[in-house]
Amino acid sequence: MLRSVAQAILYRLPATQAAAHCDGPCGVYDPASARVAAEAVLSMTKKLIALAPPEGNDAAAWATYNNTFSRYVAVKEEQAQETKEELLILWTDYFKPEHLATFPELHDTFWKAAKLCSACKVNIDQAKAEELMKAVEKIHTMFWSSKGRSDAWVTAS
């Protein structure tokens, strides 16, 4: 009974409207997380290409191979999705209409990068993974340029 009374009171109270210009506090955006995830995609793609299936019918060797292959694929797909999510956050939350004057290719760059993330999830294609890294680097450059900075593009590998 007490619960229904409380719900009735809350239902009748007006909700306070909140507004924000972005999902997070200003200044927390950084394309570094997209770079790290894209690097993992490239790394896993290279590992998958280099992974040689065992010869013969050794069940233990095949189990090890299948386990390793599955793990590499899972990480590659997870990191491609993370790359996409990080890029979409930058695209939709950080970049504003006024940035289009400086970067007229902004929308096309992000759209193509998101498509590359999908391609890297669905395929084992080193060229696509390398293309994704180049797209993330281009976004890195646009991002830091929009802040009036020229931060170096540094990769872990």
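Just above, that's the structure.
Residues numbered from 1 in each chain as written. Predicted model: local features only at pLDDT ≥ 70, side-chain atom pairs only at ≥ 80, totals over all residues. Heavy atoms only, no water.

S.K.: Can you tell me about the side chain of D93, naming the residues and giving the values?
M.R.: With respect to the element layout, D93 can be found in helix α3 (residues 59-94). The side chain of D93 is buried and forms no salt bridge, while K96, the nearest opposite charge, is found at 6.4 Å. Separated by 3.3 Å, the side chains of D93 and T92 make a polar contact. (Helix = DSSP H or I, 4+ residues; strand = E, 2+ residues; numbered from the N terminus. Buried < 20%, exposed > 50% of the residue type's maximum accessible area, 1.4 Å probe, protein only. Lys, Arg positive; Asp, Glu negative; His and termini not counted. Salt bridge = Lys/Arg side-chain N within 4 Å of Asp/Glu carboxyl O. Polar contact = N/O pair within 3.5 Å; in protein donor to acceptor, adjacent residues only side chain to side chain.)

S.K.: Residue-level account of the pattern of salt bridges, with values.
M.R.: Oppositely charged side chains are able to pair whenever their charged atoms sit close together. Within the structure shown, the criterion is met by three salt bridges. We note a salt bridge from E39 to R35, for which the minimum N-O separation is 2.4 Å. Residue E39 and its partner R35 are located together in helix α2 (residues 32-50), separated by four residues, close to a single helical turn. Residue classification places R35 among the buried residues on the basis of a relative accessible area of 16%. As a salt-bridge pair, K112 and D108 come within 3.0 Å of each other at their nearest N and O atoms.

S.K.: Quick rundown of helix α6 (residues 126-146)? Include the residues and the values.
M.R.: Since the α-helix packs 3.6 residues into each turn, any two residues three or four apart lie on the same face. For α6, spanning 21 residues, the distance from its first C-alpha to its last is 30 Å, which sits close to the expected 30 Å at 1.5 Å a residue. Of all the residues in α6, the buried ones are A129, L132, M133, A135, V136, I139, H140, M142, F143 and W144. Taken together, the buried residues of α6 touch α2, α3 and α5 (106-122). N-cap assignment for α6: the residue whose side-chain oxygen lies 3.0 Å from the backbone N of A127 is D125. Phi for G148, located one or two positions after α6, is positive at around 75 degrees. (Expected span 1.5 Å × (residues − 1). Contact = heavy atoms within 4.5 Å.)

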